[in-house]
Amino acid sequence: MVSFLFKRLLQSIIVMFTVALIAFSMFRFVGDPINNMVGQDTTQQERDDLRERLGLNDPVPVQFGKFIVNAAQGDFGRSYKYQVPVSDLIFARMPATLELAFVSAILALVIGIPLGVYTALKRSGIASKFIMTMSLVGVSLPPFLIGILLILFFGVILRWLPTFGRGEVIEFTSWSTGFLTASGLKSLILPSITLALFQMTLIMRLVRAEMLEVLRTDFVKFARARGLPDRLVNFKHALKNTLVPVITITGLQLGSLIAFAIITESVFQWPGMGLLFIQAIADVDIPIMAAYLVMIAFFFVLINMIVDILYYAVDPRLRADDE
Amino acid sequence: MELLNIKNLQIEFPSRRGTVLAVNDVSLTVRPGEVLGVVGESGAGKSTIGNAVIGLLEPPGEMSGGNVYLKDEQINTLSSEEKRKIRGRRIGMIFQDPLTSLDPLQTVEQQLVETIELHLKLGPAKSKEKAIDLLRQVGIPEPEVRITNYPHQFSGGMRQRVVIALALCAEPEVIIADEPTTALDVSIQAQILELMRKLCQEKQVGMLIITHDMGVIADITDRVAVMYRGNLVEEGTTEKILGDPDHPYTKSLISAVPRPDVRLKRFPMVDYIEKEGERKKLLDISTHWLGQARDFDAVEGPLIEVKDLVMTFVTKQALLKKNRQMFNAVDGVSFDIKQGEVFGLVGESGSGKSTVARMISGLYTPAAGTINFGDTDLTKIKSEKEMDYYRRQMQMIFQDPFSSLNGRMRVMDIVAEPIRFHKLASSNAEVEQIVTDLLDHVGLGAQAAVRFPHEFSGGQRQRISIARALATRPRFLICDEPTSALDVSIQAQILNLLKDLQEELGLTMLFISHDLPVIRQMCDRVGVMKMGQLVEVAETENLFKDPQAPYSKELLSLMPKLDKLSHRGLEVEED
């Protein structure tokens, strides 16, 4: 297992390095950073000084080296627009995105897995058929449309839930949470449902397909032939075997929940990293874009590592080599 | 008194194309301590009976008639909850494949204790004690330690013992065993059958054993019921059925079982089942395309010469080379195959016999050693083009007829592909004519060309594979367990076909099988393999009459004894 983890770590480093290279090349190819930073009346002398001070005259590999060293320490330079360290901006916005993604992931799992199991066990029931049809709608409707429809219905017509922002937040040192206030929790409902819906239907369909597969296996048949009640057969034997592939997809999807929260954040004006990123694109604020790219890649890599470790916990066959 | 009494059982599978009668008016009884065998080929409905008795018929199958009694209690009319309580508690079930019968994510202990607690209402500590005791009874060494292991940590035979222990948990009155040894090697099969018979007698359990294997029937059963297409054609004591069968199907089935005791020229009367297997239209090899261009480079001496062949697999990956664990699947194997000879390789699973075949055909690259095809060392050839020249002369027939044909291609294209690739015919019309002839020649009929593989049975598919192999006009054919996935009657037909083709075309063959009787019928010389090494090479008849190596003796002694089988009234021609 150690050598396996070591290999994975090595791969992760290569991935991060590549992403960093792409992020870094943005600085060089998406416009001239000096032009982006200074006003029109800055003299050529001042521009050259600034260029020298920012190290933009160094050879490219040296610049890249500096970028990597700084990025590894969480330093992505200053935002062109706000003139504050990018890391401060990102870290201020991160709790909003992470809380949203977390709630969505929980929603997707808590609703998706039981629905998947239910539709697999009661294949021909009317409820199952209804759920399957609805899930098709969930997969095929784009999230922004779902978001807008939810706003229209619950926000504008019924006036039950807030339609934008995080509501009141409580600060803990550097973390701001919306979990502890009523308005914060209320604000979470619509965006998290919007973000979760696609993942929920995906997980549900995956669990259903896997479960149907597992229910056909010999060991399930043998468990029934031993007289085990359905409850034990379905949940102890079948479901656990279903979870191995589900973990992979869920892990990957959690990463994309964070990465693709952009659309949901835009629809609900959710003050998270995605919204920051969208604004940065409009402003050509390259340091923020680069930092966002690297952060998201980091989340993906991290989650994948955790998934790999989870495999070991779930499947004893993988542990066999160590014995 | 009867323990299990099945009366006029009728099972239907409704489908879009009408209702299929899977089991038609079958009555069977099992007495305490008795082993009843139900024998038949695939599609005979024998497994369906077992599933119906324990109330686990796969939908849409349903019992449309008949009754099942356990002692005097009628059990087919019970509610599903009451049926569940009988399963495991009063009727135990053993399935075919021990590798898939156990939940891979739970330890043996968890699975045993769960079942014991459920049926015997014992506490966890008592249950574990009982579980260890059961494992000891089925012959698992060090049960106290092994019980904490996961299924994958056991070998196939040991897993089947665990499955038997699980079936015995609640001391059932009846055990239904559905092909309990089919997935196992002969040596393991002998042990498992011995164990099952012993348990049966000691505990006075009645056993219903469902199998296609006459060897198993001869070995363990007291009485036999023969099934054919859902009907019970004959029933009686094992001696009577095997020694003096009345029904023509039973006779045909018995004649198709490869004989371990004598080598026959062909299998007699095996046409009861697949009538279309007859080769009606035969080609005149001397004038047909198939018989031409057989003037290969003349070879002096043996056609194939294998020397010190080694194949290594990495069993444990590691970053550093010295930490890697290697396993020699084939370890210094040398033999040669003369021109026109059928050379057999026999051994149990994992002995490396298939690996040898794959190395000769170029699917694996050997770690060391040489493979001479005539005068050319195939391991030295670098260019693909030069290799193609030898690939054309060398074809392979695989074990599994279901996965060795591309399901998206029509049979025409499957068989034509090698002809087109090697440019062996000038026009498309000629290619199609050749394919049609080949299909006729292997007994399929030309109309097979426009169909897809899934429309054919296992035996027919294997005929397609043979036609495909012939399509390059090879001189050397490698058959890797070509019939082990087939029913015996189909096996007999395919083996007859291979014998005929070998004779007609003067083919040289490497024939791999785990089945000694099949080897005896097919091969001129045999190599016996054990754990990657060749322990003996001998003329087939010499090996069977007077084996030299201890392992050969052991293998031969484990061969199912088929002396009980009748061969009276069969026209056999000894070879």
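Since this is a predicted model, take the numbers as computed values, not measurements.

Draft legend 1. Looking closely at the overall build of chain A. Along the backbone of chain A there are 14 helices and 2 strands. Reported as C-alpha extents along the three principal axes, the dimensions of chain A are approximately 85 × 60 × 35 Å. Considering only contacts within chain A whose residues lie at least 6 apart along the sequence, 71% involve residues at least 24 apart. Counting 27 positive and 24 negative side-chain charges, chain A places the centres of these two groups 15 Å from one another.

Draft legend 2. Structural context of the overall build of chain B. Counting its regular elements, chain B contains 19 helices and 20 strands. In terms of overall dimensions, chain B is globule-like: its C-alpha atoms have a radius of gyration of 26 Å, near the 25 Å expected for 575 residues. With respect to the three principal axes, the spread of C-alpha positions in chain B is 75 × 60 × 45 Å. Taken across its 575 residues, chain B has 57% of its residues classed as buried. Pairs at least 24 apart in sequence give 70% of the contacts found in chain B among residues at least 6 apart. Carbon and sulfur atoms make up 48% of the accessible area of chain B, which totals about 24,300 Å².

Draft legend 3. Fine view of the interface of chain B and chain A. Across the contact, 32 residues belong to chain B and 27 residues belong to chain A. Of the roughly 2,700 Å² buried at the junction of chain B and chain A (both faces included), carbon and sulfur atoms supply 60%. For the pair chain B and chain A, the interface holds 2 salt bridges. Across the pair E114 of chain B and R226 of chain A runs a salt bridge, and its minimum N-O distance is 3.6 Å. Between the two partners, chain B and chain A, sit 12 residue pairs in polar contact (both at pLDDT 80 or more). Listed by contribution, the elements that provide at least two residues to the side of chain B that touches chain A are β6 (91-94), α3 (108-120) and α6 (156-168) of chain B.

Draft legend 4. Representation of the domain arrangement of chain B within the structure. Residues and elements named next belong to chain B. Domain parsing of chain B yields domain 1 (28-56 + 79-241) and domain 2 (286-557). Here the C-alpha centre of domain 2 lies 36 Å away from the C-alpha centre of domain 1. Taken residue by residue, the interface counts 5 residues in domain 1 and 7 residues in domain 2. Regarding the contact of domain 1 and domain 2, the summed buried area is about 610 Å², with carbon and sulfur atoms giving 36% of it. At the boundary of domain 1 and domain 2, one finds 0 salt bridges.

Draft legend 5. Geometry of the pattern of salt bridges. Residues and elements named next belong to chain B. One pass over the structure, following the stated rule, counts 31 salt bridges over all chains. A salt bridge links K128 to E109, with the nearest nitrogen and oxygen atoms 3.7 Å apart. Of this pair, K128 sits in helix α4 (residues 124-137) while E109 sits in helix α3; the two residues are 19 residues apart in sequence, bridging distant segments of the chain. For K128, a relative accessible area of 30% corresponds to the partly exposed category. The shortest N-O distance in the salt bridge between R525 and D336 comes to 3.3 Å. Of the two residues, R525 is situated in strand β19 (residues 525-530) and D336 in strand β12 (residues 325-337); the sequence distance between them amounts to 189 residues. Taken together, the shared-partner salt bridges in this structure form one network comprising E2, R31, E34, R223 and E235.

Draft legend 6. Fine view of a negative patch on the surface. All names here are of chain A. Taken together, the side chains of D41, E46, D48, D49 and E52 define an acidic patch exposed on the protein surface. Looking at the element boundaries, D49 is found in helix α3 (residues 44-53). Looking at D49, the relative accessible area reads 41%, which means it is partly exposed.

Draft legend 7. Summary view of the sheet that holds strand β18 (residues 508-513) of chain B. All names here are of chain B. If you trace the 6 strands from one edge of the open sheet to the other, you get β16-β17-β18-β13-β19-β20, paired in mixed fashion. Whereas interior strands pair on both sides, the edge strands pair on one side only; in this sheet they are β16 (394-397) and β20 (533-539). Going from strand to strand, the sheet's axes swing by 15° on average, the running direction of each strand aside. Together, β13 (342-346), β16, β17 (476-480), β18 and β19 form the strand contacts of helix α11 (residues 353-361), whose direction differs from that of β17 by roughly 150°.

Draft legend 8. Representation of the pairing of β20 of chain B in the model. Pairing geometry for β19 of chain B and β20 of chain B, over 6 bridges, is antiparallel. Residue pairing in the sheet places V528 of chain B in a bridge with E536 of chain B of β20 of chain B.

Draft legend 9. Expanded view of helix α8 (residues 182-215) of chain A. For α8 of chain A, which comprises 34 residues, the first-to-last C-alpha distance of 43 Å sits more than 12% below the rise-based estimate of 50 Å (1.5 Å per residue). Its axis deflected by about 40° at A196 of chain A, α8 of chain A carries its strongest bend there.

Draft legend 10. Quick look at the pairing of strand β3 (residues 35-39) of chain B. All names here are of chain B. By the criterion of burial, β3 is predominantly enclosed, with 5 of the 5 residues buried. Of the two faces of β3, the one lined by V35, G37 and V39 and the one lined by L36 and V38 are each fully buried. Judged from the 5 bridges that link them, β3 and strand β8 (residues 206-211) form a sheet pairing that is parallel. When the sheet's bridge partners are listed, V39 is paired in β8 with T211. Pairing of β3 with strand β9 (residues 223-228) involves 4 bridges; the strand directions are parallel.

Draft legend 11. Molecular detail of the nonpolar core. Residue and element names in this part refer to chain B. Core analysis: the largest hydrophobic core is formed by 79 residues, its most contacted members being V415, I419, L439, I466, L470, L498 and F511. The dominant element in this core, judged by the number of residues it contributes, is helix α16 (residues 488-505), at 9 residues. When we break this core down by domain, the ones giving at least three residues each are domain 1 (28-56 + 79-241) and domain 2 (286-557). If sequence neighbours within four positions are ignored, L439 has contacts with V411, V415, L444, G445, A448, A449 and A467. Grouped together as the second largest cluster of nonpolar side chains are 71 residues, L3, L78, I86 and I140 included.

Draft legend 12. Here's a closer look at the packing of helix α7 (residues 143-157) of chain A against α8 of chain A. Residue and element names in this part refer to chain A. Running from amino to carboxyl end, α7 crosses α8 at an angle of 150°, the nearest separation of the two axes being 9 Å. Seen from above, α7 lies across α8 with right-handed handedness. In this structure, α7 contributes P143, I146, G147, L150, I151 and F154 to the contact, and α8 contributes L190, I193, T194 and L197. Of the residues assigned to the contact of α7 with α8, the class counts are 8 nonpolar, 2 polar and no charged.

Draft legend 13. Seen up close, the confidence of the model for chain A. The share of residues in chain A with pLDDT of 70 or more is 97%, and the mean pLDDT across the chain is 83. In the model of chain A, helix α2 (residues 33-37) of chain A stands out as the element of lowest mean pLDDT, 70, in contrast to helix α9 (residues 218-225) of chain A, which has the highest, 90.

Draft legend 14. Highlighting the side chain of R468 of chain B. Residues and elements named next belong to chain B. Relative to the helices and strands, R468 is located in helix α15 (residues 458-470). The side chain of R468 sits in the buried core without any salt bridge; E417 is the nearest counter-charge, 6.2 Å away. Among the polar contacts listed, one links the side chain of R468 to the backbone oxygen of S404, at a separation of 3.0 Å. Filtering out sequence-adjacent residues up to four positions away, R468 remains in contact with Q395, S404, L405, I414, V415 and P418.

Draft legend 15. Representation of the packing of α15 of chain B against α16 of chain B within the structure. Residue and element names in this part refer to chain B. At a minimum axis separation of 10 Å, α15 and α16 run at an interaxial angle of 15°. Judged on the interaxial angle alone, α16 and α15 are roughly parallel. The two elements α15 and α16 meet at a crossing, and its hand is right-handed. Between α15 and α16, the contacting residues are G459, Q462, R463, I466 and L470 on the first element and I490, Q493, I494, L497, L498, L501 and L505 on the second. Among the residues forming the contact of α15 with α16, the class breakdown is 8 nonpolar, 3 polar and 1 charged.

Draft legend 16. Looking closely at the environment of S128 of chain A. Residue and element names in this part refer to chain A. With respect to the secondary-structure elements, S128 resides in helix α6 (residues 126-140). A relative accessible area of 1% places S128 in the buried class. Linking S128 and L115, residues 13 residues apart in sequence, is a C-alpha distance of 8.5 Å.

Draft legend 17. Spotlight on a nonpolar patch on the surface. All names here are of chain A. Where nonpolar side chains cluster on the molecular surface, the patch consists of F102, I106, V110, I111, I170, F172, W175, F179, L180 and L185 and spans about 890 Å² of accessible area. Secondary structure elements with two or more residues in the nonpolar patch: α5 (86-121) and β1 (170-172). Position of V110 relative to the elements: it lies in helix α5.

Calculation criteria
Residues numbered from 1 in each chain as written. Chains lettered and ligands numbered in written order. Predicted model: local features only at pLDDT ≥ 70, side-chain atom pairs only at ≥ 80, totals over all residues. Heavy atoms only, no water. Helix = DSSP H or I, 4+ residues; strand = E, 2+ residues; numbered from the N terminus. Contact = heavy atoms within 4.5 Å. Lys, Arg positive; Asp, Glu negative; His and termini not counted. Charge placed at Lys NZ, Arg CZ, Asp CG, Glu CD. Rg over C-alpha atoms; globule rule 2.2 N^0.38 Å. Buried < 20%, exposed > 50% of the residue type's maximum accessible area, 1.4 Å probe, protein only. Areas by Shrake-Rupley, 256 points an atom, 1.4 Å probe, with all protein chains shown as cover. Buried area = accessible area lost by both parts, 1.4 Å probe. Salt bridge = Lys/Arg side-chain N within 4 Å of Asp/Glu carboxyl O. Polar contact = N/O pair within 3.5 Å; in protein donor to acceptor, adjacent residues only side chain to side chain. Domains from an automatic or database assignment. Patch = residues over 30% accessible without salt bridge, like charges linked within 9 Å, V, L, I, M, F, W, Y side chains within 5 Å. Pairing = 2+ DSSP bridges. Axes fitted to C-alpha atoms, helices over the stretch in contact; angles between N-to-C directions. Expected span 1.5 Å × (residues − 1). Bend = angle between axes of the 7 residues up to and from the residue. Core = buried A, V, L, I, M, F, W, Y, C linked by side-chain atoms within 4.5 Å. Left-handed = near helix turned anticlockwise from the far one by under 90°. Nonpolar A, V, L, I, M, F, W, Y, C, P; charged D, E, K, R; others polar. pLDDT = per-residue confidence, 0-100. Parallel < 35°, antiparallel > 145°, perpendicular 65-115°, else oblique.

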